[in-house]
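Report on the structure
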There are 2 protein chains.
Amino acid sequence: MDILEIESTIQRFAIFAQLDRQAIADVARSSKPRCILRGQAAFDQGEQANAIFLVLNGRFKAIQMDPDGSQIVTRLAGAGDLIGHLSAFNETPYPVTAVAILDGEILAWGRRTFVDLLLRHPQLSLALIRYMGLSIEEAHKRLHEATNEHVERRIAHAILRLVRQGGRPVEGGIEIPFPITRQDIGLMSGTTLQTVSRTLSAWQKNGIVDGGRQHLVLRDPHAIVAIAEEQ
Amino acid sequence: MDILEIESTIQRFAIFAQLDRQAIADVARSSKPRCILRGQAAFDQGEQANAIFLVLNGRFKAIQMDPDGSQIVTRLAGAGDLIGHLSAFNETPYPVTAVAILDGEILAWGRRTFVDLLLRHPQLSLALIRYMGLSIEEAHKRLHEATNEHVERRIAHAILRLVRQGGRPVEGGIEIPFPITRQDIGLMSGTTLQTVSRTLSAWQKNGIVDGGRQHLVLRDPHAIVAIAEEQ
DNA sequence: CGTGGAGTTGAGTAACTTCAAGGATCGTGG
DNA sequence: CCACGATCCTTGAAGTTACTCAACTCCACG
């Protein structure tokens, strides 16, 4: 991807949309593009956070692991999402490992470089603040779900999140167009892969979803919304 | 509180610490101080977010409530903490109700006013970005705990958070110097007041904690850390 | 002195997890 | 092209944690 492509790509993303031509050029010029193959990590949990990344395309999952081995998926990131921004500015280690679940391209900035961009372009800071505000609200919503809702509802929420982050309409439903395992869904909804499997099997019997290995299609999205919202 | 007091107070808070004299004056001048009595709310969930607040003193709890009545406490806020910042910049409704659990003073800025401050003082934006990054990490940590740890451990974590946010050393332990109910602790650790009561009763028998109605003293903080970290 | 918020404690139970074992699907190398 | 290993998925049965329901006590405050 050359610099002009980068400019025209990033100016479409919410975080950069308010910047003028010159600012976009400044931002683009100081970035380094990088390809990440499926299965590779953009960075690893615990590593010193020297860079911040923007996803240009592809799909990443952020996995957080405890010393005792337990994990959760804190978020998925697609085109236009930042990753690594939490720790980069506080100079703390990355709190998650960001694994590509599809081949993809990202843009990297050094920590110091990005801080300078923020100081030079207040509109960029403001956009980042808005972006992070939404992340916190999302995290709190998940926390609420995790502590007050039963599994089936949590799984429904997790799947609706997948849809919002990149569901593709196909004939007879909505497809999740990237590989996702029962394990992943479990880590996103706070349950085990077995429970996810049982739940999806039941839904499949009712014609609500469809799909096989690492693949999911919502046949009746409305039914899933209903499950997510039932008392 | 007059303007000079405000200036000298806020410059000690992390979010404003990097600002020069002039910037501090600018920030202070555009703020409106306000007193909140115990039990009152600085703002209510669902209300249009027209203002952002800084806690000068006192203590607030942020409660999030579902349509079905279930609640969680997303955070406690003390001197130096911002409240209302999540939604104010995105012009979404407040996602929580911020209730004072002690009489306190806060500083208020209108949404537009604070955005202008951010645009005028890039260092303020940067500090806010750092602050929000820490909030997200904290939320993700709680999410991890909520889904992978058993109640006793979660309660221990919740209490350690209380200590970090304002524990006061007293003879024979550490005191939580603001009123906190079993219900609150339950809402902070994702369990019921009954389970909290049982757990604290057991701990009290072992001499780990002490306290009565809305009151808590850690007699053996080390033991609580051990519980929070045991496998 | 009465009322309501806060806390305690017991018993029963539901919802998930854990353990277990087998089946399906993918990719890879002979 | 087929065999094999690795990953992913399914389903059953047993076990457990912590929630729910319920009754009772204690205090603070008007």
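Residues numbered from 1 in each chain as written. Chains lettered and ligands numbered in written order. Predicted model: local features only at pLDDT ≥ 70, side-chain atom pairs only at ≥ 80, totals over all residues. Heavy atoms only, no water.

Here we take up the overall build of chain A. Along chain A, the regular secondary structure elements total nine helices and 10 strands. Principal-axis analysis of the C-alpha atoms places the extent of chain A at approximately 55 × 45 × 35 Å. Residues classed as buried in chain A amount to 55% of the 231 residues present. In chain A, the proportion of contacts linking residues at least 24 apart, taken out of those at least 6 apart, comes to 68%. In chain A, the 25 positive side-chain charges and the 26 negative ones have mean positions that sit 1 Å from each other. (Helix = DSSP H or I, 4+ residues; strand = E, 2+ residues; numbered from the N terminus. Buried < 20%, exposed > 50% of the residue type's maximum accessible area, 1.4 Å probe, protein only. Contact = heavy atoms within 4.5 Å. Lys, Arg positive; Asp, Glu negative; His and termini not counted. Charge placed at Lys NZ, Arg CZ, Asp CG, Glu CD.)

Further remarks concern the relation of the copies chain B and chain A. Turning one copy of the chain about an axis and sliding it along that axis gives the other copy, so a rotation and a shift relate them. Under the fitted operation, chain B is carried onto chain A by 0.0 Å of movement along the axis and a turn of 180°, and the coordinates agree to an RMSD of 0.0 Å. Considering both components of the superposition, the chain copies are consistent with a two-fold axis. Looking at chain B, 100% of its interface residues are interface residues in chain A too, so the copies touch through the same face. (Least-squares fit on C-alpha atoms with pLDDT ≥ 70 in both.)

Now for the packing of helix α4 (residues 111-120) of chain A against helix α5 (residues 122-148) of chain A. Residue and element names in this part refer to chain A. In the contact formed by α4 and α5, the axes pass within 5 Å of each other and the chain directions differ by 110°. With respect to α5, the element α4 is oriented roughly perpendicular. Residues F114, L117, L118, L119 and R120 of α4 form the contact with α5, whose participating residues are P122, L124, S125 and L128. For the contact of α4 with α5, the residue count by class is seven nonpolar, one polar and one charged. (Axes fitted to C-alpha atoms, helices over the stretch in contact; angles between N-to-C directions. Parallel < 35°, antiparallel > 145°, perpendicular 65-115°, else oblique. Nonpolar A, V, L, I, M, F, W, Y, C, P; charged D, E, K, R; others polar.)

Lining the immediate environment of DNA strand C, one finds 17 residues, of which H150, V151, T191 and T195 of chain A together with S197 of chain B sit closest. Backbone atoms, meaning sugar plus phosphate, form 61% of the atoms of DNA strand C positioned within 4 Å of the protein. The contact in question runs from a base oxygen of DNA strand C to an N or O atom on the side chain of R198 of chain A, over 3.0 Å. S201 of chain B places a polar side-chain atom, nitrogen or oxygen, 3.2 Å from a phosphate oxygen of DNA strand C. (Near = heavy atom within 4 Å. Polar contact = N/O pair within 3.5 Å; in protein donor to acceptor, adjacent residues only side chain to side chain.)

Taken as a whole, this structure holds 24 salt bridges over all chains when the rule is applied. A salt bridge links R219 of chain A to D210 of chain A, with the nearest nitrogen and oxygen atoms 3.4 Å apart. Between E138 of chain B and R161 of chain B there is a salt bridge, with its nearest N and O atoms 2.5 Å apart. Of this pair, E138 of chain B sits in helix α5 (residues 122-148) while R161 of chain B sits in helix α6 (residues 151-164), placing them 23 residues apart in sequence. (Salt bridge = Lys/Arg side-chain N within 4 Å of Asp/Glu carboxyl O.)

Moving on to the sheet that holds strand β10 (residues 216-218) of chain B. Residue and element names in this part refer to chain B. Across the sheet, four strands lie side by side as β7-β8-β10-β9; this open sheet has antiparallel pairing. This sheet does not close on itself; its edge strands, each paired only once, are β7 (168-170) and β9 (209-210). When β7 meets strand β8 (residues 173-176), the two strands line up antiparallel, connected through three bridges. Bridging across to β8, V170 finds its partner in G173. (Pairing = 2+ DSSP bridges.)

Attention shifts here to unusual backbone geometry. Positive phi values are uncommon outside glycine, yet Q214 of chain A reaches one of about 60°. Note on placement: Q214 of chain A falls in the loop between β9 (209-210) and β10 (216-218).

Okay, the domain arrangement of chain A next. Residues and elements named next belong to chain A. According to the domain assignment, chain A contains domain 1 (3-145) and domain 2 (150-229). Distance from the C-alpha centre of domain 1 to the C-alpha centre of domain 2: 26 Å. It is R59, L76 and E145 that lose the most area in domain 1 upon contact with domain 2, and together they represent 41% of the buried surface on that side. For the pair domain 1 and domain 2, the interface holds seven residue pairs in polar contact (both at pLDDT 80 or more). Elements represented by at least two residues in the side of domain 1 that touches domain 2 include exactly β3 (51-65), β4 (71-77), β6 (97-110) and α5. When residues of the side of domain 1 that touches domain 2 are assigned to their parent elements, the largest contribution, four residues, is made by β4. Its residues assigned to classes, the side of domain 1 that touches domain 2 comprises five nonpolar, one polar and six charged. (Domains from an automatic or database assignment. Buried area = accessible area lost by both parts, 1.4 Å probe.)

All names here are of chain B. The buried count for strand β3 (residues 51-65) comes to 13 of 15 residues, which makes it a mostly enclosed element. As judged from the 11 bridges shared by β3 and strand β6 (residues 97-110), these two strands associate in the antiparallel manner. Residue pairing for β6: K61 is matched across the bridge by V99. In this structure, β3 lies alongside strand β5 (residues 82-83), joined through two bridges in antiparallel fashion. Across the sheet, F53 pairs through a bridge with I83, a residue of β5. Between β3 and strand β4 (residues 71-77), which pair antiparallel in sequence order, lie five residues; one of them, G69, sits at a positive phi of approximately 100°.

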